Amino acid sequence: MQNTSPTTILETKRLTLRHLSADDAPFILELLNDPSFIQNIGDRNVRTIADGESYILKGPLTSYEKNGFGLDLVILKETGESIGICGLIKRDTLEDVDIGYAFLPRFWSKGYAVESALAVKEYGQKVHGLKRIVAIVVSENQGSIRLLEKIGFEFEKMVKLAGDDVELMLFAFNA
Ligand SMILES: CC(C)(COP(=O)(O)OP(=O)(O)OC[C@H]1O[C@@H](n2cnc3c(N)ncnc32)[C@H](O)[C@@H]1OP(=O)(O)O)[C@@H](O)C(=O)NCCC(=O)NCCS
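Every value quoted in this text rests on a predicted model; they were computed, and no experiment measured them.

Thoughts on the side chain of Lys 121
- Among the secondary structure elements, Lys 121 is positioned in helix α4 (residues 112–126).
- Among residues more than four places away in sequence, those in contact with Lys 121 are Ile 99, Ile 133, Ile 151, Phe 153 and Phe 173.

See the structure below:
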């Protein structure tokens, strides 16, 4: 029989990062509708389980296929709970690959976001040979800015992505 469990990408001391699958739609529905996600990242208009499945298919799953990487699910090893997403993204609107992450608020301030983002940065360098990884963040998102600085990213400039009027801070890590 074929093994259909989603591929594990990374393990850290406390976390497992694995590919998302359509079965993660209920978690994605909760995460993408959290006010912190909508405020800091945007409203992806995911309102039902079916929307969640469609988001996973068109976003992360398409990216795994096309780029070999994408946003992965972060699981707490101790309990098996899904706590957030973290991974690498190649957008048409940015020249470089960027790192993205979001966690449910009940799992904040425990170092999980730093632990997973650091592992994804190293994975990007070692497995995908990336010499440069960037991150885009709204200037009000101090928690994310602190995280980026902790994992060795530096502020470079303000940018606007094509088709969007919002000014974003561009951070970069150059290996
Ligand atoms: C941005 C975001 C991921 C940051 O999450 P976070 O929970 O602050 O991240 P961490 O827990 O890894 O941050 C480390 C903090 O936990 C504390 N901490 C507690 N226990 C810790 C431990 N065992 N190890 C390390 N740090 C620990 C650290 O002291 C640190 O606090 P500080 O930032 O005040 O110095 C989170 O706020 C989020 O998901 N926001 C919504 C989505 C979003 O904005 N994404 C980014 C878009 S650019």
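Alright, that's what it looks like, and here's the rest.
Details of unusual backbone geometry
- The backbone of Asn 45 shows a phi angle near 55°, a positive value even though the residue is not glycine.
- You can see Asn 45 is positioned in the loop between α2 (35–40) and α3 (49–67).
- Look at Asn 45 and you get exposed, because its relative accessible area is 52%.
- Phi at Ser 109 is positive, roughly 60°, even though this residue is not glycine.
- Position of Ser 109 relative to the elements: it lies in the loop between β5 (98–103) and α4.

Calculation rules
- Residues numbered from 1 in each chain as written.
- Predicted model: local features only at pLDDT ≥ 70, side-chain atom pairs only at ≥ 80, totals over all residues.
- Heavy atoms only, no water.
- Helix = DSSP H or I, 4+ residues; strand = E, 2+ residues; numbered from the N terminus.
- Contact = heavy atoms within 4.5 Å.
- Buried < 20%, exposed > 50% of the residue type's maximum accessible area, 1.4 Å probe, protein only.

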